[in-house]
Amino acid sequence: MSVRAENLVWRVGGKTIVDDVSFDVEPGRVLGLLGPNGSGKSSLLRLLAGLRRPASGRVLLDGTDIARSGRRELARRVALVQQHAATDVNVTVEDVVRLGRTPHRGPLAAWRPADTRAVDTALEQVGMTGFRRQSWHSLSGGERQRVHIARALAQQPRELFLDEPTNHLDIQHQLELLRLVSQLGLTTIVALHDLNHAAMFCDRLLVLHRGQVVASGAPAEVLNPDLLRDVFRVDCDFLRSDDDILRILYRK
Amino acid sequence: MRLSPSRASLQFAALVVGSLAVLVLAIATAVGIGEMHIPLRTVALAVTNQFGWTSADISRIQASVIWDLRLSRALVAALCGAGLAMCGAILQSLLRNALAEPYVLGISAGASTGAVAVIILGVGAGAISLSMGAFAGALAAFVFVAVLSGGGRGGADRTILSGVAAAQLFNALTAYIVTTSGNAQQARDVMFWLLGSLGGVRWPEFQLLAVVVAIGLGVCIWYARALDAFTFGDDAAASMGISVERVRLVLFAVTAVMTATIVSMVGSIGFVGLVVPHAVRFLIGPGHMRLLPACLLVGAVFMVLADIVSRSVMQQQTLPIGIVTALVGVPCFALILYRARPAT
């Protein structure tokens, strides 16, 4: 298993945000995290990336507890793309992507050819090579999100975690971005709002409700009328299209 | 800014060379002016004489004025400017707040309470100097902020709010002591000290400050890359392998010690730590590997120039340097703000 969560619990001020969550993801697969607002998706991603210590339970990467590896060591293997990562600093696209090399460089180490290669490759993968000298603040929302993914890729991770990366993007850029992420070949865990997108781009889904796992499995198994009514409080019909992808149609 | 790396390097190099040249010239000028005017040539010869490189014929009095009084003062001014500008740059990045400056953690307020306690209340009964009192007060304020903000764990906003609370508390204490116990002359002394004064600094101050600023620079350069990683906030920094809490605590402590040392020697000289980092960032970009050394040099130049102005605008009298840094700084800052307005 590439990523394995065992009985993760996380509390803030007596309130349990993540409640006994366990799952695992095979190498190179895309796991979609679904759930209504406040269901614990972002908190779970923070626990997985080692940004918060779980109250109990553990996260394993290839069988090793992440609590036992140092911050830097972890950042060389796991990258996180956050939901609202903004800045007032006047940085260029290249500056941002170069930040991804931080865990690979010592405090005073010079910039090496390997760093240049990683940055160039990352920019190319997200199709932003032509933007490298542009100011971050001149970019559109979709472009910024792609630069963040490039920054994460420059870390050369084996696992990539994304927190609602398609927020605030128009539909063309949402699809483009998810296509990009699903084709990277990394073990990916992505929190999503759009159920149709989850069905299209994820190999497996994990549905959270009030911090607990209420369903997990392949999209076709997980997404059913009962679950959508109980968890998301919507009524819907299902359609299976010619390309064998599940489509969800919401009722009024 | 659309700069190729080579062009950014050139700009950085130009800024370093340029400000070094201006710094040397400014220090020489600062040494030359005063009640006894001394030509630049004499200043240079007096310094080389002192090192034993030349043996030019300079009067004892001139040599003494240059070496014992004015050069130490100019060099302390340079180090204060350097230290304050560097602290400002670090705090702005660490707290992700454009308004952050070396006194944001309540340090100058704490220092003034410490100084006032010594001047007016006579704490320590003469065994403690004003500087030591100020240093103790500054550190007390820092500890207050560190505890109130949970060691910086509560995030940038909480740290800033704790600093504001500390400043209010210690300023109130200072005002209380001055109004209840001080006489008019003491109140004036306190006021003058608060606005900043380089009078009375000599070589011992220079030596101490040189050590503190050098260590500060070393630590800050060591953490320059980590500071870059804070561009998108704490979680982003952590996800790129930065031990956020440790970096934050070390850098807060280093800036607090630097600022406390400076304030305890020369009072709270405002504006340098706020403006210089913004100006330098505007010139050479936000990367800390370059920003911090550049702030050091530009801050030094700014403070030496401010000292020259403070000593030359009025005959027979020195203006508090804090007034000059603000009066000179604000128009410079306005110009930068105007030029840096969004292109849209």
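Residues numbered from 1 in each chain as written. Chains lettered and ligands numbered in written order. Predicted model: local features only at pLDDT ≥ 70, side-chain atom pairs only at ≥ 80, totals over all residues. Heavy atoms only, no water.

1. Notes on the overall build of chain B
Along its length, chain B carries 14 helices and 0 strands. For chain B, the sequential pattern of α-helices and β-strands runs α-α-α-α-α-α-α-α-α-α-α-α-α-α. The C-alpha atoms of chain B give 21 Å as radius of gyration, which agrees with the globular expectation for 344 residues (20 Å, within 12%). Projecting the C-alpha coordinates of chain B onto the three principal axes gives extents of approximately 65 × 60 × 40 Å. Across chain B, every contact between residues at least 6 apart in sequence was considered, and the portion connecting residues at least 24 apart equals 76%. (Helix = DSSP H or I, 4+ residues; strand = E, 2+ residues; numbered from the N terminus. Rg over C-alpha atoms; globule rule 2.2 N^0.38 Å. Contact = heavy atoms within 4.5 Å.)

2. A word on the interface of chain A and chain B
Buried accessible area, meaning the area lost when the parts come together, often serves as the stated size of an interface. Listed by partner, the interface residues are 32 residues for chain A and 23 residues for chain B. Both faces combined, the contact of chain A with chain B buries some 2,400 Å², and carbon together with sulfur accounts for 60% of it. Per-residue buried area on chain A facing chain B is highest for Leu99, Pro107 and Arg133 of chain A; these three make up 24% of the total on that side. Arginine 52 of chain A serves as the salt-bridge partner of aspartate 235 of chain B, at 3.2 Å between the closest nitrogen and oxygen. Our count for the chain A to chain B interface comes out at 10 residue pairs in polar contact (both at pLDDT 80 or more). Taken together, the elements giving at least two residues each to the side of chain A that touches chain B come down to helix H2 (71-75), strand S6 (78-81), helix H3 (93-99) and helix H5 (141-154) of chain A. It is H2 of chain A that contributes the most residues to the side of chain A that touches chain B, 3 residues altogether. Here the residues of the side of chain A that touches chain B sort into 15 nonpolar, 10 polar and 7 charged. (Buried area = accessible area lost by both parts, 1.4 Å probe. Salt bridge = Lys/Arg side-chain N within 4 Å of Asp/Glu carboxyl O. Polar contact = N/O pair within 3.5 Å; in protein donor to acceptor, adjacent residues only side chain to side chain. Nonpolar A, V, L, I, M, F, W, Y, C, P; charged D, E, K, R; others polar.)

3. What to know about the packing of helix H2 (residues 40-50) of chain B against helix H3 (residues 60-94) of chain B
Residues and elements named next belong to chain B. The interhelical angle for the contact between H2 and H3, taken along N-to-C directions, is 85 degrees, at an axis separation of 10 Å. As far as their axial angle goes, H3 and H2 are roughly perpendicular. Contact residues: H2 offers Thr42, Val43, Ala46, Val47 and Gln50, while H3 offers Gln62, Ile66, Trp67 and Leu71. Of the residues assigned to the contact of H2 with H3, the class counts are 6 nonpolar, 3 polar and no charged. (Axes fitted to C-alpha atoms, helices over the stretch in contact; angles between N-to-C directions. Parallel < 35°, antiparallel > 145°, perpendicular 65-115°, else oblique.)

4. Structural notes on the confidence of the model for chain A
For chain A, the mean per-residue pLDDT works out to 91, and 100% of the residues sit at or above 70. Per-element confidence in chain A is highest for strand S8 (residues 187-191) of chain A, whose mean pLDDT is 96, and lowest for strand S11 (residues 236-240) of chain A, whose mean pLDDT is 83. (pLDDT = per-residue confidence, 0-100.)

5. Some thoughts on the nonpolar core
Ranked by size, the top nonpolar core spans 181 residues in total, and within it Phe23, Leu44, Leu48 and Ile189 of chain A carry the most contacts. The dominant element in this core, judged by the number of residues it contributes, is H3 of chain B, at 19 residues. For leucine 44 of chain A, the residues in contact, after removing those within four places along its chain, are Leu8, Val18, Val21, Phe23, Leu33, Leu206 and Leu208 of chain A. In this structure, Val116, Ile120, Ile177 and Val178 of chain B belong to the second largest nonpolar core, which totals 5 residues. (Core = buried A, V, L, I, M, F, W, Y, C linked by side-chain atoms within 4.5 Å. Buried < 20%, exposed > 50% of the residue type's maximum accessible area, 1.4 Å probe, protein only.)

6. Overview of the packing of aromatic side chains
All names here are of chain B. In the structure shown here, the tally under the stated rule is 6 aromatic pairs over all chains. Their ring planes at 90 degrees and their centres at 6.2 Å tell us that phenylalanine 144 and phenylalanine 170 sit as a pair that is edge-to-face. Residue phenylalanine 144 is found in helix H5 (residues 130-148), and its partner phenylalanine 170 is found in helix H6 (residues 156-181); the two are separated by 26 residues along the sequence. Its relative accessible area of 30% is what places phenylalanine 144 among the partly exposed residues. Feature note: the residues Phe51, Trp53, Trp67, Trp203 and Phe206 constitute an aromatic cluster, connected by ring pairs. (Phe/Tyr/Trp six-rings, centres within 6.5 Å; stacked < 30°, edge-to-face > 60°.)

7. Looking at the environment of alanine 136 of chain B
Residue and element names in this part refer to chain B. By the element assignment, alanine 136 lies in helix H5. For alanine 136, a relative accessible area of 46% puts it in the partly exposed group. Put simply, alanine 136 and isoleucine 262 are 126 residues apart on the chain and 12 Å apart in space, counted from C-alpha to C-alpha.

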